[in-house]
Amino acid sequence: MKTDVLVIGGGSNGTGLARDLAKRGVKVMLCEMGDFARGATGASSAMIHGGPRYLLNDVETTKHSCVDSGYIQKIAQHLVFRIPFLVPVPKSFPYGRASLLLHDVYFDVYDRYSPYKNGIPHAKLSVEEMLRIEPGLVGDFWGGVTLDEWGIDPGRLCVLNAIDAVAHGATVATYTEVVGITRGSNGEVTGARVRRRGEATVQEIEAKVVVNCGGPWAEKLAGLTPDSAKVKLRPGKGVHLVYEKRLTNFAVICNAVDGREVFVMPYLNESWIGTTDDDFYGDLNDLSATHDEVAYLREAVEHVLPDIKHQRLISTRVGVRNTMHGWGVHEDVLSRGYRIIDHTAAGTPGFYSLVGGKLASYRIQAEEAADAVCVRLGVAARCTTHEDYLPGGDAIPDEVELTRAYPIDRLTARRLVHRHGALASRVLDIGRETATGYAVVDPAEPVLECELRYCIRHEMVKRLSDLTMRCRLGVGADQGMRGGLRAAQVFAEERGLDTTSMREELMGLLRSRWRAARPVMTGQQLAQAELVMTQYTGLWQLPTLNPVA
Amino acid sequence: MFDVLVIGGGLAGVTAALEARACGARVALAQRSWGATAMSTGALDIAFAPGSPSEPTVARSIEGHIYAIAASRARHPYAVVGSGSALLAIADGMKLLSSALEPSGLTPRPWEAIQPNQPYVSSLGALVPAASALASHGPVTGGSVACVQLAGDTHFDAKHVAKAAVHDGRTSWGRALDIEPVMLRFDGSLPPIGLAQRLDDLGAAHELASELKAVVAGVSAVIMPPVLGLARHRETLATVQDAVGVPVIEALAHLPSVPGVRLQRALGQALRAAGVVLVGEVVGAETSGERVVAVQGKGGERLPAKAFVLASGRFISGGVVFDFGCREALFGLPTVTELGALEKDAPQNIVRADPRESHPLMTAGVQVNASMQPIVEGRIAFANLFAAGMVVGGFASRFALCADGVALATGVIAARGALA
Ligand SMILES: Cc1cc2nc3c(=O)[nH]c(=O)nc-3n(C[C@H](O)[C@H](O)[C@H](O)COP(=O)(O)OP(=O)(O)OC[C@H]3O[C@@H](n4cnc5c(N)ncnc54)[C@H](O)[C@@H]3O)c2cc1C
Ligand SMILES: Cc1cc2nc3c(=O)[nH]c(=O)nc-3n(C[C@H](O)[C@H](O)[C@H](O)COP(=O)(O)OP(=O)(O)OC[C@H]3O[C@@H](n4cnc5c(N)ncnc54)[C@H](O)[C@@H]3O)c2cc1C
């Protein structure tokens, strides 16, 4: 295998870079050891925001992400959605009544950046106005401030970048891990050794340039060359709690016991509470939320929105931030900035690392990395990723028309347009092929059988569980119980799998949902887990199950 | 004043109530809603302890499985009451159940303790071992079998079911089976319960039967999705069966389960026929020293009885609750798992990372003695309180298919204890 550029990592940075280079005509290959967005990107708060928090110590980051946010809204208009925020100002704040004013002034500054991202200027609210928006709020407040941000589906963002890269000649390999970086006699990069999941043999890839987009793994990847000292991260573990449904109208910012800000945010048809941020030096491939993290997040929100206590907590999202190393005393003041490291000076010409940064500015980060690579390769072509639509981003089909043309309801149409944009009718046309093409497979979303088939055929799905990142299969409260079997049958049909492989795929999906739900398997969600376990796992593993002693 | 008040209307509670009525007692039964029994597959599992590929256990007798389970799992109810007593109680429970289900046409398939489990086909596409099952299900043993696909049905995919059953026949049961999918034009696009209700109309059942007759000539049995009627299941099944002239077998159900709903309804009818007084949810208990005096109904009514049977199920039915600490919901009894007492803990420590593993939390329930009396710190909690079914700890149906066997055995034993 021979390529000009090998990109390591299928998060937002890696897929963004592969797309950028491919569109400039560069021969590029991307290797991702799991599925797309399985790292920081898929575990993020999914906000294409400017990060008002960073205003205090990092104005550059704020502006950067506001500008790039504007571009992302254009090229992937179907995938983004507005999330209004509410910041209640409690009377316990140290500046008394002036606290509200200070917030007001602070967000005045943020408003200056908001035109870049099509933001609505903030508003100062009285207590009554605030309670009209969020009647569940409990506490003594001076009032509140609103602001607005944009949300995105980060998994699909990566998938669409990868698909567009392939459409422009790139090669993309998921479940392919880079296990070594090869160098020539002068230390220059000559390529990499990769191993596909489930295979023992290692393949050589020849490449003139290798770019490390390993997110939190970047330090380890750089360690495959002799100059690991150049990449220093301060990995911060971040947990979100996922609730069954939308619990608030606005995203609400609350204060945790240690004074940090924690939010409860409606996201698509669920709500998230996030996040924690603690130094993490454990195994990046084996992450799960601890009891303390779950309790910390719940308590932070429960004291202003006590009703949350009774809501159904279904799952967790856990990731590690790829924050660059700094000297901050407190995790939150670490820079969200990024750096493109050219390892030439350290003895490995042709090796680059794109470290740090944010989802919100993935595109411009990728652009700058691509610029550096192009200089080295002598490619003159310029970046077009801020102008050219991602697949499906060129138009938003009319929902009502879709419900007339196909036997689907309005909600299904809306969710489909959100995920596939202009390609929605291509997805729906597949429904005509089978008698059950328009049947709802996973009612939580809802996901149609034809959408599964479309994703399996056209969106680089290797494992059944990859469909979670493509069309949110199994993320609802039932954690794949209803949709899992049918999806596995459809997957087996499309891929010609035998019975054993089909069951393994279904177990793989259930296992990934189980792992995410496990830290919060209490109350109703435990009953759900009991159901899943009784329905599926008891019946299918019988011949190989050893009784416990 | 009742002799026995049973809390819970699943298989365990109903067994206890019917046994107590059979002994002539005045019995009341409290039920909040339908629980696990209404979701069950149609199979009646008594005992199956899976082996390993090198030591298959499909040929072992049901009795042998009961001994094996009791020997290897110290806290399993079969171990607590002893294998011999368990076997006798299960047989008595099965007899009660058979006559209770007779009017609904669900009479369980005959079974014998000295015989092995039989292969029943499930709509998940697996050939699972079961001791018995409700009448419409049946073991798949040989001959040429047709597996029926209704048009537009997304809950039952005949292609996959046939393929998987043949696979399991070969790999797990050592049998070469001949099962082929056949397509019917009959519209199956409703959800299972809706479809079953539609087939309660015998006109629709005849329509299905005549379509079926045309495509299944020459087969020795027919496998159907489990949707052959709900309230009039008996007639619907007979209609189809008569038209086809060979055994019509319903696959075991996954959720939502028509056979589970049929079973739960039939149990309700059996309770009424037996003269058990039905009360709704109970929300509290009144105790005095060593005895339970009464329970409180949801409307505040006081329901006194001489003895009580707790058959309130596990997590699904809310008989046991867990929120970083685990307890039985009504009396606040502490819980044990198959590994021992359950401390206040986070799920990470008592639910394992892979769903296929054995999870201690999933076996949580009250600890009992051989008379099914809940035990707290080594002492009998209340002299007149007995437990039955999934609310009893120390087992999960998932690791040794036995849920209904345990419900029957503990239901019978608890009722006898309550009347002693
Ligand atoms: C909790 C949390 C919340 C966040 N919230 C936001 C937010 O709201 N807005 C925002 O803008 N940013 C947010 N971020 C930051 C943002 O997610 C990241 O900056 C961004 O997603 C990083 O993308 P990446 O591609 O560099 O890294 P990743 O997404 O981690 O991708 C790296 C990829 O490299 C792969 N990889 C690693 N080693 C190898 C190897 N040897 N071979 C092959 N592949 C390999 C990994 O599998 C992984 O998929 C958040 C981060 C976290 C953790
Ligand atoms: C999906 C699924 C499939 C299954 N498949 C099989 C199978 O194939 N074979 C098999 O043998 N077993 C199977 N089982 C298990 C089996 O159905 C039950 O475990 C068994 O019937 C025992 O039930 P139970 O009576 O103990 O509990 P349940 O059926 O759960 O009944 C408990 C009852 O107690 C009531 N209750 C609880 N608290 C109160 C209160 N305070 N007041 C009043 N009422 C209360 C509930 O409303 C409920 O009706 C399955 C279970 C599930 C969930």
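Residues numbered from 1 in each chain as written. Chains lettered and ligands numbered in written order. Predicted model: local features only at pLDDT ≥ 70, side-chain atom pairs only at ≥ 80, totals over all residues. Heavy atoms only, no water.

## Description of the overall build of chain A
To keep things clear, this is the line we draw: Helix numbering and strand numbering both begin at the N terminus, where a helix is a DSSP run of H or I of at least 4 residues and a strand a DSSP run of E of at least 2. The quantity called the radius of gyration is restricted to C-alpha atoms. Its globule counterpart is 2.2 Å times the number of residues to the power 0.38. Whether a residue is buried, partly exposed or exposed follows from its accessible area with a 1.4 Å probe, protein chains only, as a fraction of its type maximum: under 20%, in between, or over 50%, in that order. Whether two residues are in contact is decided by their heavy atoms, any of which lying within 4.5 Å being enough. The Shrake-Rupley method, run with a 1.4 Å probe, gives the accessible areas here. Residue values count only the displayed protein chains as cover. Residues counted as positive are Lys and Arg, residues counted as negative are Asp and Glu, and His and the chain ends are not counted. A charged residue contributes its charge at one atom only: NZ of Lys, CZ of Arg, CG of Asp or CD of Glu.
On a plain count of helices and strands, chain A comes out with 17 helices and 19 strands. In terms of overall size, chain A behaves like a compact globule, its C-alpha atoms giving a radius of gyration of 23 Å where 549 residues would be expected to give roughly 24 Å. Each of the three principal axes of chain A carries a C-alpha extent, and together these read 65 × 60 × 60 Å. Burial status across chain A gives 63% buried among its 549 residues. Considering only contacts within chain A whose residues lie at least 6 apart along the sequence, 71% involve residues at least 24 apart. On chain A, roughly 20,400 Å² of surface is accessible, and the fraction owed to carbon and sulfur atoms is 52%. Averaging the coordinates of the 63 positive side-chain charges in chain A and doing the same for the 67 negative ones gives two points 2 Å apart.

## Describing unusual backbone geometry
Residues and elements named next belong to chain A. G274 connects to T275 through a cis peptide bond whose omega is -15°. Looking at the secondary structure, you find T275 in the loop between strand 13 (270-274) and strand 14 (278-279). Here the bond from E445 into P446 is cis, since omega is -5°, no more than 30 degrees from zero. The residue P446 is located in the loop between strand 18 (440-442) and strand 19 (447-448) in this model. Non-glycine residue A37 carries a positive phi angle of around 60°.

## A look at helix 15 (residues 481-495) of chain A
Residues and elements named next belong to chain A. Where we set the bar: Each residue after the first adds 1.5 Å to the expected span of a helix.
Taking 1.5 Å of rise per residue, 15 residues should cover 21 Å, and helix 15 covers 22 Å from first to last C-alpha, within 8% of that figure. With 11 of 15 residues buried, helix 15 lies mostly within the body of the structure. For helix 15, every residue scored as buried is listed here: M481, G483, G484, L485, R486, A487, A488, Q489, V490, F491 and A492. Two residues or fewer past helix 15, G496 is found with a positive phi of approximately 65°.

## A closer look at the site of ligand 2
Defined as follows: If even one non-hydrogen atom of a residue comes within 4 Å of a molecule or strand, that residue is called near it. Polar contacts, as counted here, are pairs of nitrogen or oxygen atoms within 3.5 Å of one another; within protein the pair requires one atom able to donate a hydrogen and one able to accept it, and residues that are adjacent in sequence qualify only if both atoms are side-chain atoms.
The immediate surroundings of ligand 2 are formed by 32 residues, with S33, T37, T41, D45 and S317 of chain B found nearest. Looking at the residues close to ligand 2, they fall on chains A and B. In this structure, a nitrogen atom belonging to ligand 2 sits 3.2 Å away from a main-chain N or O atom of A43 of chain B. Between an oxygen atom of ligand 2 and a main-chain N or O atom of M390 of chain B, the distance comes to 2.9 Å. For ligand 2, the protein covers 96% of the area, taking 1,000 Å² as the surface of the free molecule.

## Comments concerning the site of ligand 1
All names here are of chain A. The criterion, for reference: By the convention adopted, Pro, Cys, Tyr, Trp, Phe, Met, Ile, Leu, Val and Ala count as nonpolar, Lys, Arg, Asp and Glu as charged, and the other residues, Gly among them, as polar. An automatic or database domain assignment provides the domain bounds reported here.
Taken together, 37 residues surround ligand 1, and among them N13, E32, T41, M47 and A360 come closest. The contact in question runs from a nitrogen atom of ligand 1 to an N or O atom on the backbone of M33, over 3.1 Å. G357 is positioned with one of its backbone polar atoms (N or O) 3.0 Å from an oxygen atom of ligand 1. Where the shell around ligand 1 is concerned, the elements lending two or more residues are helix 1 (12-23), helix 2 (40-43), strand 7 (176-183), strand 10 (236-243) and strand 15 (313-321). For the shell around ligand 1, a count of residues per class yields 15 nonpolar, 17 polar and 5 charged. Both domains that furnish three or more residues to the shell around ligand 1 are identified here as domain 1 (2-40 + 155-234 + 335-377) and domain 2 (80-150 + 235-323).

## Focus on the interface of chain B and chain A
Stated precisely, the cut-off is as follows: Simply put, the buried area is the total loss of 1.4 Å probe accessible area from both parts when two parts are fitted together. Throughout this description, the term salt bridge denotes a Lys or Arg side-chain nitrogen within 4 Å of a carboxyl oxygen of Asp or Glu.
Listed per partner, the contact involves 51 residues of chain B and 54 residues of chain A. Together chain B and chain A conceal approximately 4,600 Å² of surface at their shared face, both sides included; 64% is due to carbon and sulfur atoms. It is L124, Q348 and R356 of chain B in chain B that bury the most area against chain A; as a group they hold 15% of the surface buried on that side. Counting across the chain B and chain A interface gives 4 salt bridges. Between the two partners, chain B and chain A, sit 15 residue pairs in polar contact (both at pLDDT 80 or more).

## So, the domain arrangement of chain A
Residues and elements named next belong to chain A. Under the domain assignment, chain A is made up of domain 1 (2-40 + 155-234 + 335-377), domain 2 (80-150 + 235-323) and domain 3 (399-539). Measuring from the centre of the C-alpha atoms in domain 1 to the corresponding centre in domain 3 gives 30 Å. If you look at the interface, domain 1 gives 12 residues, while domain 3 gives 10 residues. The junction of domain 1 with domain 3 conceals about 1,100 Å² of combined surface from both sides, 53% of it contributed by carbon and sulfur atoms. A per-residue breakdown of the area domain 1 buries against domain 3 is headed by D35, R156 and Y175, which together make up 47% of the total. Scanning the region where domain 1 abuts domain 3 turns up 2 salt bridges.

## So, the domain arrangement of chain B
Residue and element names in this part refer to chain B. When its domains are assigned, chain B resolves into domain 1 (2-103 + 262-419) and domain 2 (138-251). Measuring from the centre of the C-alpha atoms in domain 1 to the corresponding centre in domain 2 gives 33 Å. Opposite the 5 residues of domain 1 that make contact, domain 2 presents 11 residues. Counting the surface lost from both domain 1 and domain 2, the interface buries some 610 Å², and carbon and sulfur atoms represent 45% of this. Summed over the three residues of domain 1 that lose the most area to domain 2, namely V58, R262 and R265, the buried surface amounts to 82% of that side. Along the contact surface separating domain 1 from domain 2 lie 2 salt bridges. Measuring nitrogen to oxygen at the nearest pair gives 3.9 Å for the salt bridge that ties R234 to E102. The interface formed by domain 1 and domain 2 includes 6 residue pairs in polar contact (both at pLDDT 80 or more). Here the side of domain 1 that touches domain 2 is built from residues that sort into 2 nonpolar, no polar and 3 charged.

## As for the packing of aromatic side chains
The condition that has to hold: Centres within 6.5 Å are what make two rings of Phe, Tyr or Trp a pair, Trp counting through its six-membered ring; a difference in plane orientation under 30 degrees is then read as stacked, over 60 as edge-to-face, and the rest as tilted.
The full count for this structure, using the stated rule, is 7 aromatic pairs over all chains. For the ring pair Y106 of chain A and F107 of chain A, a centre distance of 5.2 Å and an interplane angle of 90° mean the geometry is edge-to-face. Aromatic pair F322 of chain B and F324 of chain B: ring centres 6.5 Å apart, planes at 50°, arrangement tilted. Using a relative accessible area of 2% as the deciding quantity, one classes F322 of chain B as buried.

## Structural notes on the pairing of strand 13 (residues 291-297) of chain B
Regular strands place side chains that alternate from one sheet face to the opposite one. Residues and elements named next belong to chain B. Our working rule: Here, any two strands with at least 2 DSSP bridges between them count as paired.
As judged from the 6 bridges shared by strand 12 (residues 282-288) and strand 13, these two strands associate in the antiparallel manner. Among the inter-strand pairings, V282 is bridged to a residue of strand 13, identified as G297. Counted between consecutive antiparallel strands, the loop separating strand 12 from strand 13 contains 2 residues, among which G289 sits at a positive phi close to 60°. Hairpin geometry of strand 13 and strand 14 (residues 302-310) is characterised by an intervening segment of 4 residues between the two adjacent antiparallel strands and by a positive phi of about 90° at G300.

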